[in-house]
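Secondary and tertiary structure notes
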Amino acid sequence: MNKRIQHFISTPPPCLTTVGISAALAAFLFAAPALSAGELDLPRERVALVAPPFVHPHEQATKQGPKVIQFRMAVEEKRVVIDDEGTTLQAMTFNGTIPGPMMVVHEGDYVELTLVNPSTNNLVHNIDFHAATGALGGGSLTLVNPGEQVVLRFKATRTGVFIYHCAPGGGMIPWHVVSGMSGAIMVLPRGGLADRAGNPLHYDRVYYIGENDFYVPRDEQGKFKSYGSAGEAYADTVEVMRKLIPTHVVFNGKVGALTGKNALTAKVGETVLIVHSEANRDSRPHLIGGHGDYVWETGKFSNPPETDLETWFIRGGSAGAALYTFRQPGIYAYLTHNLIEAVELGATAHFKVEGAWNDDLMTQVKPPEPIPSDTRDTLQPSANGVIGHY
Amino acid sequence: MRHALKIKPNHVTVLAAVLVASATAPGAGRDGTAVTAPAMISLQPHPFYYRPAGEFTHDGKPVNAPARLLRPAKVLTIMAHQVTGADYQRCVLDHACTATSSGAEDRPAIKINWHDANAYAAWLSRRLGATYRLPTDEEWAFAAGSRFRDDALPDGAIDLAQRWLQRYEVEADRDEVIDNEPHAIGSYGANEYGVLDLAGNVWEWTNTCFVHQTLNATRPTSILNCGIRVVEGRHRAYMTDFIRDPSGGGCAVGKPPSNLGFRLVRENGLWDWLQSIIAPELSVIRTEGDSS
C-alpha cells in the first residue's frame, strides 16, 4: 500500500485525484467477497496477440468447452506519424498499434487480461471492455499508474464484436480515445457464425479495421503542430476536439495505412469477414465494387445479419462485422461513405483481389469511343477520327 | 526503373557553365522593377524514342502507348531551372498573375495550376518581347534526357482486372519517402544537358492535353481532353488544369505529385532552325542568363 502512495505522489496525473482514490477503494470493496483469480476449474490458454489488420489464429465453430483465455497488453505512449505530410501525433496505444489488437474468444470463455503500464509512460491508463459487465466495463478495476500492471478477468457472456478503449476518467476519457487508445474483441458463438435460418457461415479470412478520428491543432499559418509530449499537446487538442471536426479520419492509425504495399488481399471465391470499429464517431463503411453479403451492423451475433447491403453503419462507440465473398478480381476501395472523410481525411483501405473476371456479372459492351456524329452534327471528325485541336 | 529511350548523340559534351547575364531589353513593370531574362539552355535536336502520353486502348483493352522515334528539327531553348517564387511574384505584382501561396523566393513556385503557368508565360513574353510558353510533353521528355521515366507497364496482361492490379503495384512502388518541401534551385542537380531539378519533388506542367486513342485497325479514333494536361516529374501524371494542390486518396495509391510548378521554353523563330546547323555535333549549343 505504501508503494502505491509513493507512485501517487511522484507522478500526479491530472485526473487521479478524482478517480484514483475511488478506484483503490472500489478494488478494496470488491476484492473481499469475489472469487480470487485462479479458482475457476477450467482449462487455460495463453494467446499471443497480432498487430491489426490481422487477427490471431482461432477456431470459428468449436467443439471445445469454455476456457480461461489469457492475453497480455502493454500500453505504449509514443509519437507516431499519421499522414504523408509527416504530421505527428503524441499517441496512446495498446501494444504499440492504433488500433489495439483484436482478441477472439467464444461465448462462455473467460477473458483474463494482464494490462501493463510501463514506467516509461507518463499517464494513468485503464481499459473498458464493452463486452464486459460491471465496474465501468472493467475501467474501475484496471487503473494503472506508470510502473504498474493489473489482471482483470471477465466472462464473455454475449456474442458479437465489441470495442475496448481506455477511459481513465473525466476529460481524460475522450482525449485518450482520440489519441488512439481503442481496439476490439470478438466473442464467437460456439457453433460459429450463422445466417438468419441458422445455416453456418464460415470465413476464409478476417481483417480488423479500426477507424480513428484525430484532432490535430494547427498553427497561425495553418500547418499542423508538433509537440514534445502528450501533456504539452493536451490544451490545444481539447480546443480542436470541442469543435467536433476531426483533422484526420484514418484506418489502422495512418492515412493510407491499408493501401499500396499494405493493401488487404483476397481471391475470387474467398469469404472475408471485415470487423470495423469506431470508438468515438459514426462511420458508414462501403466496399466499392462489392457488398456486405451478411452484415451484423450493430455487431452482435444474437441478431440475424442483414443481407446484401451496399453501405452499413458503425455507431461511434461500437464495432460491426460484414461478411463478403469476392466475385470479381481487381482493386476495391473499402471506405467510409462520407467521401470527404474518405478522400480528404484519410479513411480509405484497398483490397487487391486476384482471380478470373465474370463477364456475366459485368461487361463493357462497348468501350469508350467518340460519340457517333449524324448529318446535322457540325463537328465532323476528320478521316482518322480526330476531334478537337491542339 | 527508368528506361533511356533515346539515341545518345556522339558528343554529349556540355559547354562550360559560363554564365553570361543576358542583356535582353527589359521594360519597367508597374512596380518599376525590370524583369531579367531567365537562364536558358539551348539544346541541339537529335532523334529520340518517345512514348506518347494519354490512354491507349485496343478493342477496349488498355495497352501501352507505342514508343515512336521522333526527329525534332529545331533547337529547343528551355529554362535551366523552374520558375521561382520570386519570379512568379513579379508577375503577381504586375497584376498579371493570381497570387497563390507559391513558395519562397529562391525556391520553385508551387501551388501553380495550368492557367497560372500560362498567365505567367504570357506576361513574361510581353515584358521581354519574346515568345515564352509551356513545353509540350515531347519537349519536356527531350530536355529531361536520362531523367525521363518511361511509364509503360509490362506487356502481356490485357485482361482489364489484371491491368488494374498491375498498375496498382507500379503505383504502390512510388511510396518512397519524398519530402514535400520545395528545395533551393539546383538541389536536385543537373542532367547531362545542365537542366536543373528535373524529376525532383516539383512536377512540371506541359501544354500537352490528355488523349484517349483507340488503336483498332479498322477504325482508330482519338479524343482530346484539354481539361486535363500532362505533368512531368518523377513519373508522368495527368492533372486537371485547375488543380493547384495535387492529393491522392480514394482509389489513388502511392504518392501523387508532391508539388505543381513549371518551367518554360522560348521560341526563337527561324533562329531555332539556323542554330541547329551551326554546331550539329554539340548537344548543348548555348547557355544564357544567370542561373544561380
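Residues numbered from 1 in each chain as written. Chains lettered and ligands numbered in written order. Predicted model: local features only at pLDDT ≥ 70, side-chain atom pairs only at ≥ 80, totals over all residues.

Looking at the overall build of chain A
Within chain A one finds five helices and 22 strands. Each of the 390 residues in chain A was classed as buried or not, and the buried ones make up 44%. Counted over contacts in chain A with a minimum sequence separation of 6, partners at least 24 positions apart contribute 74%. (Helix = DSSP H or I, 4+ residues; strand = E, 2+ residues; numbered from the N terminus. Buried ≥ 20, exposed ≤ 12 C-beta atoms within 10 Å, placed from the backbone. Contact = placed C-beta atoms within 7 Å.)

Re the overall build of chain B
Counting its regular elements, chain B contains five helices and 13 strands. Pairs at least 24 apart in sequence give 71% of the contacts found in chain B among residues at least 6 apart.

Section: unusual backbone geometry
For residues besides glycine, phi is generally negative; the peptide bonds are generally trans as well. Residue and element names in this part refer to chain A. Cis geometry marks the peptide bond from proline 52 to proline 53, where omega comes out at 10 degrees. Residue position: proline 53 is located in the loop between strand E1 (44-46) and strand E2 (68-81). The omega torsion across isoleucine 98 and proline 99 is 0 degrees, close enough to zero to call that bond cis. With respect to the helices and strands, the residue proline 99 is situated in the loop between strand E3 (88-94) and strand E4 (102-106). Its identity is not glycine, yet alanine 135 carries a phi of approximately 50 degrees, on the positive side. Tracing the chain through its elements places alanine 135 in the loop between strand E6 (128-129) and strand E7 (148-155). Phi at leucine 244 takes a positive value of approximately 65 degrees, unusual for a residue other than glycine. As for its position among the elements, leucine 244 is in the loop between helix H4 (230-241) and strand E13 (248-251). Residue leucine 244 is classed as exposed on the basis of its 9 C-beta neighbours within 10 Å.

Things to note about helix H2 (residues 114-128) of chain B
Residue and element names in this part refer to chain B. Over its 15 residues, H2 extends 21 Å from the first C-alpha to the last, a length consistent with the 21 Å expected when each residue adds 1.5 Å. Of all the residues in H2, the buried ones are Trp114, Asp116, Ala117, Tyr120, Ala121, Trp123, Leu124 and Arg127. The elements touched by buried residues of H2 are helix H1 (85-93), strand E7 (131-133), strand E8 (203-214) and strand E9 (221-232). Directly after H2, the chain includes glycine 129, whose backbone phi takes a positive value near 65 degrees. (Expected span 1.5 Å × (residues − 1).)

Some thoughts on the confidence of the model for chain B
All names here are of chain B. Residues with a pLDDT of 70 or more make up 78% of chain B, whose mean pLDDT is 82. Per-residue pLDDT stays below 50 along residues 1-27; that stretch engages in 48 contacts with residues further than four places along the chain or on separate chains. The ipTM value of the predicted complex is 0.78, and its pTM value is 0.83. (pLDDT = per-residue confidence, 0-100.)

Regarding the environment of serine 277 of chain A
All names here are of chain A. Secondary-structure assignment places serine 277 in strand E15 (residues 271-278). For serine 277, a count of 32 C-beta atoms within 10 Å puts it in the buried group. Sequence separation of serine 277 and histidine 56 is 221 residues, and the distance between their C-alpha atoms is 17 Å. The residues contacting serine 277, other than those within four sequence positions of it, are Pro99, Ile163, Ser182, Ala184, Gly210, Glu211 and Ala319.

Remarks on the pairing of strand E12 (residues 205-214) of chain A
Residue and element names in this part refer to chain A. In terms of burial, E12 is largely enclosed, as nine of its ten residues are buried. Here seven bridges tie E12 to E15, and the two strands are oriented parallel to one another. Across the sheet, glycine 210 pairs through a bridge with serine 277, a residue of E15. Taken together, the four bridges between E12 and E13 define a ladder with antiparallel strand orientation. Within E13, the position partnered with asparagine 212 by the bridge is valine 250. (Pairing = 2+ DSSP bridges.)

Some thoughts on the sheet that holds strand E20 (residues 330-336) of chain A
Residue and element names in this part refer to chain A. An order of E14-E21-E20-E16 is seen for the four strands of this open sheet, with the pairing classed as mixed. Of all strands in the sheet, those with a lone pairing partner are strand E14 (264-267) and strand E16 (285-288), marking the two edges. Taken pair by pair, the neighbouring strands of this sheet meet at an average axis angle of 25 degrees, ignoring direction. Pairing of E14 with strand E21 (residues 348-354), which is carried by four bridges, proceeds in the parallel orientation. (Axes fitted to C-alpha atoms, helices over the stretch in contact; angles between N-to-C directions.)

Let's talk about the environment of alanine 184 of chain B
All names here are of chain B. Its location among the elements puts alanine 184 in the loop between helix H4 (160-172) and E8. Considering only alpha carbons, one finds alanine 184 and glutamate 105, 79 residues apart in sequence, at a separation of 9.3 Å. Leaving out residues up to four positions away in the same chain, alanine 184 has contacts with Asp106 and Arg107.

Focus on the domain arrangement of chain A
Residues and elements named next belong to chain A. Segmentation of chain A into domains returns domain 1 (2-33 + 42-191) and domain 2 (210-354). Using only C-alpha atoms to locate each centre, domain 1 and domain 2 end up separated by 21 Å. Among the secondary structure elements, those contributing two or more residues to the side of domain 1 that touches domain 2 are E2, E3, strand E8 (160-165), helix H3 (172-177) and strand E9 (182-188). In terms of residue count, E8 provides more of the side of domain 1 that touches domain 2 than any other element does, five residues in total. Per-class residue counts for the side of domain 1 that touches domain 2 are 21 nonpolar, 13 polar and four charged. (Domains from an automatic or database assignment. Nonpolar A, V, L, I, M, F, W, Y, C, P; charged D, E, K, R; others polar.)

Focus: the sheet that holds E15 of chain A
For sheets, the rule is that strands pair by backbone hydrogen bonds, running either parallel or antiparallel. All names here are of chain A. Strand order in this open sheet of six strands is E13-E12-E15-E19-E17-E18, and the pairing throughout is mixed. Pairing within the sheet leaves two strands with one partner each, and these edge strands are E13 and strand E18 (306-309). In this sheet, adjacent strand axes meet at a mean angle of 25 degrees when their direction is disregarded.

Here we look at the nonpolar core
Residue and element names in this part refer to chain A. One finds Met102, Ala184, Ile185, Met186, Ile274 and Val275 to be the most contacted residues of the largest nonpolar core, which totals 93 residues. No fewer than three residues from each of domain 1 (2-33 + 42-191) and domain 2 (210-354) sit in this core. Non-local contacts of methionine 186, meaning those with residues more than four positions away in its chain, are made with Met102, Val104, Val161 and Val275. (Core = buried A, V, L, I, M, F, W, Y, C linked by C-beta atoms within 7 Å.)

Here we look at the confidence of the model for chain A
Of the residues in chain A, 86% have a pLDDT of 70 or more, and the chain-wide mean is 90. Across residues 1-22 of chain A the pLDDT falls below 50, and counting only partners more than four positions away or on other chains, this stretch makes 22 contacts in the model.

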